[in-house]
Amino acid sequence: MRNLRRWMMMGIAALATVSVSACKPTYEAPVDDPIMTTAPADAPYELDFDQLNDDVIDSFSKTHVVFPFVKSMEISGNNDTKNIEVEIDIQEGVADEAVQVLLSDVTKKIDNNAYIQDFRIKKADDSQFGSVYDIYSYTYKVTCGDTTLYDTTINAGESIPLDPSVDGNKIMDALEQQEQAMSQSDAETTTSNG
């Protein structure tokens, strides 16, 4: 009986050892804090425009604001001449208000993604478009096929003739809340009439 008990205890100990060793990860990546530095104030600004183009377009896919009327969008620029250019082609029949919302969102996203590349740049918010436009001139061109709707160039430091408080996400949220309120009101009307 004692031998059986000893064999059971050894078996349990062996099983526990195997279980504990099986749960250990075979590889653990070292966890290091990223080293983030800000360039010296007198260093020239050098944006990666290919990355900026990809990041801005990608940032639209991560929000629930979708501009289904946009057929193409391309962001480019030049660090030597310090300019940023946006070319957008849209479908026909789009209201000017929707184009204005798109332009405001694109303008803010360009600055916020430039900030990721250079922390000296001030991020955009609801009151201003950020500081990248104090450094770079900005041209936005919106076409609908062969028709040019906007072709505007703003020199560095000049005021951008768009409204920074316009935000596609906030507009979508407001529309969704309005639809929910209307649905709830319709449901209450149906319930009271039924």
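Conventions adopted
- Residues numbered from 1 in each chain as written.
- Predicted model: local features only at pLDDT ≥ 70, side-chain atom pairs only at ≥ 80, totals over all residues.
- Heavy atoms only, no water.
- Helix = DSSP H or I, 4+ residues; strand = E, 2+ residues; numbered from the N terminus.
- Buried < 20%, exposed > 50% of the residue type's maximum accessible area, 1.4 Å probe, protein only.
- Contact = heavy atoms within 4.5 Å.
- Areas by Shrake-Rupley, 256 points an atom, 1.4 Å probe, with all protein chains shown as cover.
- Pairing = 2+ DSSP bridges.
- Axes fitted to C-alpha atoms, helices over the stretch in contact; angles between N-to-C directions.
- Salt bridge = Lys/Arg side-chain N within 4 Å of Asp/Glu carboxyl O.
- Polar contact = N/O pair within 3.5 Å; in protein donor to acceptor, adjacent residues only side chain to side chain.

*Asks:* A description of the overall build of the protein chain should follow, citing residues and the corresponding values.
*Replies:* Scanning the protein chain from N- to C-terminus turns up 5 helices and 4 strands. Moving toward the C terminus, one meets the helices and strands of the protein chain in the order α-α-β-β-α-α-β-β-α. Split into buried and exposed, the 194 residues of the protein chain put 30% on the buried side. Within the protein chain, contacts between residues separated by at least 24 positions form 59% of all contacts whose residues are at least 6 apart in sequence. Roughly 13,100 Å² of accessible area belongs to the protein chain as shown, and the carbon and sulfur atoms make up 53% of that amount.

*Asks:* Which residues make up the pairing of strand 2 (residues 83–90), and what values go with them?
*Replies:* Of all 8 residues in strand 2, 6 are buried; the element is thus mostly enclosed. As paired elements, strand 1 (residues 70–78) and strand 2 share 8 bridges and run antiparallel to each other. Bridging from a neighbouring strand, E74 pairs with E87 of strand 2.

*Asks:* Kindly report on the sheet that holds strand 2, identifying the contributing residues and their values.
*Replies:* On the basis of which strands lie adjacent, the open sheet formed by 4 strands has the order 1-2-3-4 and mixed pairing. Of all the strands in the sheet, just strand 1 and strand 4 (147–154) have a single pairing partner and so form its edges. Ignoring strand direction, the axes of neighbouring strands in this sheet form an average angle of 10 degrees. As defined by bridge partners, strand 2 adjoins strand 3 (residues 137–144) across 7 bridges and the pair is classed as parallel.

*Asks:* Provide a residue-level description of the pairing of strand 3, including the pertinent values.
*Replies:* Burial analysis of strand 3 places 7 of its 8 residues in the buried class, the great majority of the element. Sheet topology places strand 3 next to strand 4; 7 bridges connect them, and they run antiparallel. Opposite Y138, over in strand 4, you have I154 as the bridge partner. The turn joining strand 3 and strand 4, which pair antiparallel and follow one another in sequence, is formed by 2 residues; a positive phi near 70 degrees is taken by G145.

*Asks:* Quick rundown of the pattern of salt bridges? Include the residues and the values.
*Replies:* As enumerated under the stated definition, the model contains 3 salt bridges in all. Here K71 ties to D89 by a salt bridge, and the two come within 3.7 Å at their closest N and O atoms. Of the two residues, K71 is situated in strand 1 and D89 in strand 2; the sequence distance between them amounts to 18 residues. The exposed category is assigned to K71, whose relative accessible area is 51%. Its salt-bridge partner being D118, residue R120 comes within 2.7 Å of it at the nearest N-O pair. The burial state of R120 is the same as that of D118; both residues are buried.

*Asks:* Explain the environment of Q128 to me, and be specific about the residues and the numbers.
*Replies:* Along the chain, the position of Q128 falls in the loop between helix 3 (96–117) and helix 4 (132–135). Among the residues examined, Q128 registers a relative accessible area of 19% and is labelled buried. Taking the C-alpha atoms as reference points, Q128 and K108, separated by 20 residues in sequence, lie 8.5 Å from one another. Setting aside its immediate chain neighbours within four residues, Q128 contacts K122, K123 and P164. A polar side-chain atom of Q128 sits 3.0 Å from the main-chain carbonyl oxygen of K123. A distance of 2.5 Å separates a polar atom in the side chain of Q128 from the backbone nitrogen of G130.

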